[in-house]
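Okay, here's what each chain looks like letter by letter:
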Amino acid sequence: MSADQQPFGVYVHIPFCASKCDYCAFATWTDRHHLTTAYLEALRVEIERAVADGMPVATTVFVGGGTPSMVPPHELGAVIDTIPKIDGAEVSVECNPDDVDAALLRAFVEHGVNRVSLGVQSMATHVLGTLGRRHDQRNVDRAVVAIREVGLPTFNLDIIYGAAGESVEDWRRTVDAVVALEPPHVSAYGLTVEPGTPLAADTARHPDDDDQADKYEVVDDGLTAAGLENYEISNWAKPGHECEHNMIYWRQENYRGFGCAAHSHDSGRRWWNVRTPDRYIDLVADGKSTEAAGETLDADTREFERLELLLRLRPGVPLDALDGDELPGLVERAGDRWVLTRAGRLMQNDIATRLKT
């Protein structure tokens, strides 16, 4: 990226799934696969209109879902091809391990994809069952072999801790199995309860804060020992393998989302598209806006959110943003910044309430 090139991300939402995970509140459907071709065509049309209206050239592209690896790869690739990108742009696609083989990845590579993110979640069969996941964890190993065979320059493994019935030892085995695959990037998220999900309705399966704190320490120890650095609370990477697309979100930079329920941000204004693929397809076909609603942040709110996001990152926040001396053991001074300690990462939400704008 040249010095005068401003970061700009493009997110593409693929809403189709084979099954719905119990914890998922995303705009995904298991019964709309007949819409795939029409939906991908609508994406291309909406992107072409945005480009004609002056959309910046993308420095990153992220195709998420849903399960992007379910749709025909060259049809998805045609959508990616429609997006103007800088040379060397990071282009990521989320994949279910069951879908991944060398042929799929080679098709992606033909369309500029240089990073995939595998939804691993757990390497324990009974934990996958608790989460409502259907993939075979043995296919994670096969997928990583295929990634290396094709020569993708980087990839991510996505894992979740805190499911009901998952012991600390179960989680430790998942972390060990992930480390054994020598990934350049790992995302590890604590299971969260989203309103309206089957998990939300079953309080007996809700995660325990203390258990999740213990498991965070396990994954941080394991990944750090393997040479991955924590650069955002829930993300670890080998140097040079950080997810540039997510950095755009965390730095409050501009991005455009395409597809149903996709979110966009432009200099303090953010908006989101209609939620269902059926409605999205119809609006694009009629030449109408796909925006469902939006908001413009005032200066104070935007600055608070900027600091809240920066607090999650390794460089931390400026000294005048926190009374760090009042938070011993939770933040530490690094030059002219306050950065979270590991204990502070576990308390980030509480610490954020003390930020000063």
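Everything quoted here is computed from the prediction, not taken from an experiment.

Trainee: How should the packing of aromatic side chains be read in this particular structure?
Mentor: Working definition: an aromatic ring pair is given by the centre-to-centre distance plus the angle between the planes. Taken as a whole, this structure holds seven aromatic pairs when the rule is applied. Pairing Tyr39 with Tyr280 gives two aromatic rings, centres 5.4 Å apart and planes at 50°, and the pair type is tilted. One end of the pair, Tyr39, is in helix α1 (residues 36–52); the other, Tyr280, is in helix α10 (residues 277–285), with 241 residues separating them in the sequence. Of the two residues, Tyr39 and Tyr280, both sit in the buried class. Aromatic pair Tyr216 and Trp236: ring centres 5.7 Å apart, planes at 45°, arrangement tilted. Separated by 20 residues along the polypeptide, Tyr216 in helix α8 (residues 209–225) and Trp236 in strand β8 (residues 235–237) bring together distant segments of the chain. In this structure Tyr216 comes out as buried when scored by relative accessible area, which is 2%. Under the relative-accessibility criterion, Trp236 is labelled buried at 0%.

Trainee: Help me out: how do you make sense of the packing of helix α3 (residues 102–110) against helix α5 (residues 138–150) in this one?
Mentor: Helices that pack against each other are described as a pair by the angle of their axes relative to one another and the distance between those axes. Running from N to C, α3 and α5 point in directions that differ by 45°, and their axes come no closer than 9 Å. Judged by the angle between their axes, α3 and α5 are oblique. Between α3 and α5 lies a crossing whose hand is right-handed. Between α3 and α5, the residues in contact are Ala102, Leu105, Arg106 and Val109 and Ala146, Ile147, Glu149 and Val150, respectively. Looking at the contact of α3 with α5, its residues break down into six nonpolar, no polar and two charged.

Here is what the cut-offs are and how they apply
- Residues numbered from 1 in each chain as written.
- Predicted model: local features only at pLDDT ≥ 70, side-chain atom pairs only at ≥ 80, totals over all residues.
- Heavy atoms only, no water.
- Phe/Tyr/Trp six-rings, centres within 6.5 Å; stacked < 30°, edge-to-face > 60°.
- Helix = DSSP H or I, 4+ residues; strand = E, 2+ residues; numbered from the N terminus.
- Buried < 20%, exposed > 50% of the residue type's maximum accessible area, 1.4 Å probe, protein only.
- Axes fitted to C-alpha atoms, helices over the stretch in contact; angles between N-to-C directions.
- Parallel < 35°, antiparallel > 145°, perpendicular 65-115°, else oblique.
- Left-handed = near helix turned anticlockwise from the far one by under 90°.
- Contact = heavy atoms within 4.5 Å.
- Nonpolar A, V, L, I, M, F, W, Y, C, P; charged D, E, K, R; others polar.

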